Every structure is written in C-alpha cells, then in structure tokens.
Amino acid sequence: MAKYTKDEIVARAKELAQMVAETDEVDFFKRAEAQIHGNLKVSTLIADIKGLQKQAVNLQHYGKPEAQKKVEDKIATIEQELDEIPVVQEFKQSQLEVNELLQIIASTISNTVTDEIIVATGGDLLRGETGASLENDEACGCDHDHDHDHDHDH
C-alpha cells in the first residue's frame, strides 16, 4: 500500500520550493533583478528591443524581408550592448545559478526514486537493474552479462 498521496508529495514540494526561495542563489537573483529594473539604460534598451520586435513582426506580416532583416540586425546590436552591461551579466549569472540549483534538485529526486525502486525490488544498484530484471537474467542459468537472444552459441 502506498505511504504517501500525490497531494502530500505536492505539499512537500511546496515546502522544498519555500526552502529554495530562501537560498543565497535566489537572494542573488532578487538583488540582480532589482538592479536591472532600477537601471535606466537597461530599461531603455529593453523598451527599444520590444519596439523593434513589434516592427519586425509587422514587416514579416507585410512581406518586407529586407526591412525586417535590418530591424533584426538592430535588435541583435542592442542585445549585444545589453549583454555587455555588468548588471545584465550579473542577472544572467543569477538565473544560471538558480536554474542549476533546480536541476540538481530534479535530478536528485529522479535518481533517488530510481534507486529506491531498484532496492525495493531486490535489484542491483551498481548495475542499475531491478529485481525483475535480475530474475530474468538468472532464468537462463548463467551469471554473466549477455543479451539472451539465444541466436548465438554460448
């Protein structure tokens, strides 16, 4: 019988999310985001990009590829200028760090669930095989690795 319901696990996930929200990585992200929003040059460049993106969509809609290309080149130039601003670099770095933390959490959960399944079924953690997989291997009466297709001689 199951020990936990889906709702209980989601509740725990929310607790974990609250913990993540109180990490140094998220603190850094919040500070970097505040600096981004408080920086007039950054705000201006972002507004310019948004305006040019609308132009590019309209030019594409009206079938004006040359003009669209010029606008897209302007966007690329402004994006490059934006990326050279230290607060933008810090913001992007903070995003990477938060995403990295979330990836570590996701892979830890995934790997731990897999390991728990292997152990619970009497499997072999080192080989990464469940008990059912090992039982099928033993059914052939051998203790070495092979593919059990029996099309070749042993």
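Provided above is the structure to which this section pertains.
Here's a quick rundown of the structure. Treat the numbers as computed from the prediction; the structure is a model and nothing was measured.

### Considering helix α4 (residues 65-83)
Reasoning step 1: Over its 19 residues, α4 runs 26 Å from end to end, which matches the ideal 27 Å to within 8%, given 1.5 Å per residue.
Reasoning step 2: Buried residues of α4: Gln 68, Val 71, Ile 75, Ile 78 and Leu 82, and no others. Around the axis of α4, the buried residues are gathered within 85 degrees of arc, so they sit on the same side. Opposite its buried face, α4 presents the exposed residues Pro 65, Glu 66, Lys 70, Thr 77 and Gln 80, each directed more than 90 degrees away.
Reasoning step 3: Among the structural elements, α3 (40-61) and α5 (86-120) are those in contact with the buried residues of α4.

### Concerning the pattern of salt bridges
Reasoning step 1: In the structure shown here, the tally under the stated rule is four salt bridges.
Reasoning step 2: In this structure, Lys 41 and Glu 81 form a salt bridge, with 3.7 Å as the shortest nitrogen-oxygen distance. Within this pair, whereas Lys 41 is found in helix α3, its partner Glu 81 is found in helix α4, the two being separated by 40 residues in sequence.
Reasoning step 3: With relative accessibility at 46%, the residue Lys 41 sits in the partly exposed group.
Reasoning step 4: Residue Lys 69 pairs with Asp 73 through a salt bridge whose shortest N-O separation is 2.9 Å. Residue Lys 69 and its partner Asp 73 are both found in helix α4; the two are separated by four residues, about one turn of the helix.

### Describing the packing of α3 against α4
When two helices pack together, their arrangement is given by the angle between the helix axes and the distance between those axes.
Reasoning step 1: Packing of α3 against α4 leaves a shortest axis separation of 9 Å and a crossing angle of 160 degrees. Judged by the angle between their axes, α3 and α4 are roughly antiparallel. The crossing of α3 and α4 is left-handed. Along its contact with α3, which presents Lys 41, Val 42, Leu 45, Ile 46, Asp 48, Ile 49, Leu 52, Gln 53, Gln 55, Ala 56, Leu 59 and Gln 60, the element α4 presents Ala 67, Gln 68, Val 71, Glu 72, Lys 74, Ile 75, Ile 78, Glu 79, Glu 81 and Leu 82.
Reasoning step 2: Broken down by class, the residue content of the contact of α3 with α4 amounts to twelve nonpolar, four polar and six charged.

What counts, and where the lines are drawn
- Residues numbered from 1 in each chain as written.
- Predicted model: local features only at pLDDT ≥ 70, side-chain atom pairs only at ≥ 80, totals over all residues.
- Heavy atoms only, no water.
- Helix = DSSP H or I, 4+ residues; strand = E, 2+ residues; numbered from the N terminus.
- Expected span 1.5 Å × (residues − 1).
- Buried < 20%, exposed > 50% of the residue type's maximum accessible area, 1.4 Å probe, protein only.
- Arc of directions from axis to C-beta.
- Contact = heavy atoms within 4.5 Å.
- Salt bridge = Lys/Arg side-chain N within 4 Å of Asp/Glu carboxyl O.
- Axes fitted to C-alpha atoms, helices over the stretch in contact; angles between N-to-C directions.
- Parallel < 35°, antiparallel > 145°, perpendicular 65-115°, else oblique.
- Left-handed = near helix turned anticlockwise from the far one by under 90°.
- Nonpolar A, V, L, I, M, F, W, Y, C, P; charged D, E, K, R; others polar.

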